[in-house]
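Residues per chain, in single letters:
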Amino acid sequence: MASSTTKSKPKAASKTKSTTKAKTAPKAVAKSRTASASKVEPAAVCHGVKVPDSPMMTPERANRINLARYEGQEIAGALEVVQPGDHVLELGAGLGIVGAVACKNGKPAKVMSFEANPNLIPHINALYKMNRLGKKIEVRNEVLISAPDAPQTMPFHIRNSYLGSSLIEAEHRHTTKVDVKVASYADVHRDFKPTVLLMDIEGGELDFLRHASLEGVRAIVIEFHPNAYGKEGMRECKSILARAGFTQVPHLCTRHIWTCTFDPNLQPPHPDGGWTESIEKADDVVIVPPVETGFVQRAGLLHADGSYLANGALWRNGRSLTTKPAMPEGDLPLRKGTWLWAGVLWMHFGHFLVESTSRLWALNQIKDKIDGILYIPKRPRNGDEVLDIHREFATLMGTEVPVICVDKPERVERLIVPGQGVGLGKMVSGTDSYRKAISKRFAKKVKADGPEKLYISRSKLPAGRGTLVGEAELEENLIRQGYTIYHPQKHDLTSQIATYKAAKQILAAEGSALHLLAMVASPKTQIGMVVRRPSGATQQLIRHVESFSGKAPEVITTLARSWKPAEDAKPRMWMGELDMPALEQELTAAGFIKPAKTKWKALSAEDVKKRLGKNFVEVEAEPA
């Protein structure tokens, strides 16, 4: 037995060895295949994400991906805001690159992507597999809908190029329609709990934002598509985001692509109330003026510990134009006493009226004795300059305290910080507190003094301010109708107000003068605004006049053409060419003038070109 047992050992060993070889051979083959697959060269690489070849991968697109220019703004935004632990919801995965880059670099807990185009799904999954992201990211071939009572499926229109495929059927473009399953955003929001949204859905974003709850979402990267819903639709998208508490990350935003973040302490002002009608008082506040000229500037108020006093920021169109500055180094001079914060001081007359007076409503409510009013300059080059109109406005508000512009960092012993009561965008109508303060305090002692018929002209302003072609002819015709031609820039504020109070009929070329007129006009005064350019500023002026005077102006839009400088296309530089016969008809119909035997003559095309010179070209479309 022992012998046989001993003899059997080699056989057993041999069998074991043979069996081991037989079992390991398939594994070796599998490993070899995996290694072979892993050696498949990507067609492009973006921020560490390998992009496999596909029918969509042209040499040009591969080059853009390698240079991080393909969806570059969206990717930059995602890299900025996606953090470890996030739940990222991507609407419109496209080739899958943006979501994959966010997943690989931002280290979120999970990424859920939706892509309606069924032709892209295999290529997206191939990208996820190549980068071994399958455990963290998934793509669903569904349309995510936030509106209630959504259908079970929706038609999706696929173009020959995957770019631009959309729920919206494009005119004059060949598309293939497919029905795609619908998923409920409400369900996804409840179960997935997204903290970041990445959205590029070719025009579907407007309807999505109209119905979507953004609770719990702290960052959004979104591309707008005004070709699908117009500029008004794009403004509505931005307004929804602003109202929900999202503010732009300035260096990552363009007109069509926004990266925005939610900050409960940085809510945009709203005319219906909130912090806009609050008054905050703080001791030992640091005032930091801007050091560089720019649309958005790091400037404003800090507490002594360096925290941001957000209620002191200037907002426009739902965007904060002043953002948290760095704490200045070294010992700062101390301004003793109690001071009223008034914000940013504009030299421009219209911006001063609508943005620099926005906190003076507090003069109507505070009981504290103040030592003066403090501003910071909009442009550092203006330094501590304060114009006569700035001081005069404060006097007309019923105070004689000093108005000071702080052009170097300093500490203030005690600062009263009222909310922003008026501004551009939705704030142009002003808060109730601001309107009441203007009605009760502003220019109450100024008596009416002037003609009954008034035309507020821009004809004596420099051409760079934007004027009307044909305004001289308009003025001649209005003089024959009994109007006085008025150039407000030649008069102080008190004189302007006295003149506006006296007039029963006022015609005005569209411009800043209407902002002051709005503050003092009687609802009984008939006001007509002669539009001088195709611009969103027109609606701002209409709302301002109506909100403050109680009556909307008559809007006279009779432009034959608009002209702009060939070297500078800024709308403020544009010049509107008046259609004189049409203008006469409009003014007659509105009751501003009486019918006359001599009709107003149309401007000669040759004469218009001669007046403008070679440096002006005709505007072919509305401003962007």
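Cut-offs applied
Residues numbered from 1 in each chain as written. Predicted model: local features only at pLDDT ≥ 70, side-chain atom pairs only at ≥ 80, totals over all residues. Heavy atoms only, no water. Helix = DSSP H or I, 4+ residues; strand = E, 2+ residues; numbered from the N terminus. Buried < 20%, exposed > 50% of the residue type's maximum accessible area, 1.4 Å probe, protein only. Contact = heavy atoms within 4.5 Å. Areas by Shrake-Rupley, 256 points an atom, 1.4 Å probe, with all protein chains shown as cover. Salt bridge = Lys/Arg side-chain N within 4 Å of Asp/Glu carboxyl O. Core = buried A, V, L, I, M, F, W, Y, C linked by side-chain atoms within 4.5 Å. Pairing = 2+ DSSP bridges. Axes fitted to C-alpha atoms, helices over the stretch in contact; angles between N-to-C directions. Left-handed = near helix turned anticlockwise from the far one by under 90°. Nonpolar A, V, L, I, M, F, W, Y, C, P; charged D, E, K, R; others polar. Arc of directions from axis to C-beta. Polar contact = N/O pair within 3.5 Å; in protein donor to acceptor, adjacent residues only side chain to side chain.

K.L.:
How do you make sense of the overall build of the chain when you look at a structure like this?
P.N.:
From N to C terminus, the chain includes 17 helices and 31 strands. Counting across all 624 residues of the chain, residues that qualify as buried make up 50%. Counting contacts in the chain only where the partners sit at least 6 residues apart, residues at least 24 apart contribute 70% of the total. Total accessible area on the chain stands at roughly 30,400 Å², and carbon and sulfur atoms take up 50% of it.

K.L.:
Got a minute to help me understand the pattern of salt bridges in this structure?
P.N.:
Oppositely charged side chains can pair when the atoms bearing their charge come close. Taken as a whole, this structure holds 21 salt bridges when the rule is applied. Among the ionic pairs, D284 bridges to R411, the shortest N-O distance being 2.9 Å. Taken together, the positions of D284 in strand β13 (residues 279-288) and R411 in strand β22 (residues 410-418) put the pair 127 residues apart, joining distant regions of the chain. Between R611 and D607 there is a salt bridge, with its nearest N and O atoms 2.7 Å apart. With R611 and D607 both in helix α17 (residues 605-612) and four residues apart, this pair spans about one turn of that helix. For R611, a relative accessible area of 38% translates into the label partly exposed. What you see here is one network of salt bridges that share partners, running through K281, D283, D368 and R414.

K.L.:
What am I meant to see in the nonpolar core here?
P.N.:
It is characteristic of soluble globular proteins that their nonpolar side chains tend to be buried jointly. Membership of the largest hydrophobic core comes to 72 residues, with the highest contact counts inside it found for L360, I373, Y375, F393, L415, F442 and Y500. Among the elements that take part in this core, helix α14 (residues 513-520) stands out by supplying seven residues, more than any other. Ignoring sequence-local partners within four residues, the contact set of Y375 consists of W341, A342, G343, V344, L345, F352, S356, L360, V403, I404, C405 and V406. By size, the runner-up hydrophobic cluster in this structure holds 35 residues, among which are L95, A100, I121 and V139.

K.L.:
Teacher, can you tell me more about the sheet that holds strand β5 (residues 137-140) here?
P.N.:
Pairing between the strands of a sheet comes from backbone hydrogen bonds, and it takes one of two forms, parallel or antiparallel. Spatially, the seven strands line up as an open sheet ordered β5-β4-β3-β9-β10-β12-β11, and their pairing is mixed. Since the sheet does not close on itself, it has two edges, and those belong to β5 and β11 (246-248), each with one partner. Along the sheet, successive strands turn relative to each other by an average axial angle of 20°, direction set aside. Relative to strand β9 (residues 196-199), strand β3 (residues 87-91) is paired through four bridges, and the arrangement is parallel. Among the inter-strand pairings, L89 is bridged to a residue of β9, identified as L197. Contacts between helix α4 (residues 97-106) and the sheet are confined to β3, β4 (110-114), β5 and β9, with β5 contributing the most and set at about 160° to the helix.

K.L.:
What exactly am I supposed to notice about the packing of helix α13 (residues 493-502) against α14 here?
P.N.:
Packing of α13 against α14 brings their axes to within 10 Å, and their N-to-C directions diverge by 65°. Like other packed secondary-structure pairs, α13 and α14 cross with a definite hand, here right-handed. Between α13 and α14, the residues in contact are L493, Q496, I497, Y500 and K501 and A513, L516, L517 and V520, respectively. By residue class, the composition of the contact of α13 with α14 is seven nonpolar, one polar and one charged.

K.L.:
Can you walk me through helix α11 (residues 432-441) in this structure?
P.N.:
In an α-helix, one turn spans 3.6 residues; hence positions three or four apart end up facing the same way. Within the span of α11, buried status applies to S433, Y434, A437 and I438. One side of α11 holds all its buried residues, which, seen down the axis, span an arc of 135°. Opposite the buried face of α11, by more than 90 degrees, sit the exposed residues K436 and K440. On the buried face of α11, the contacting elements are α9 (349-356), α10 (388-396), α14 and α15 (537-549).

K.L.:
What is the right way to read the side chain of R335 from this model?
P.N.:
Tracing the backbone shows R335 in strand β19 (residues 334-345). Within the structure, R335 has its side chain in polar contact with the side chain of E410 (distance 2.6 Å). Leave out the neighbours within four places in its chain, and R335 touches L374, I404, V406, E410, R411, V412 and E413.

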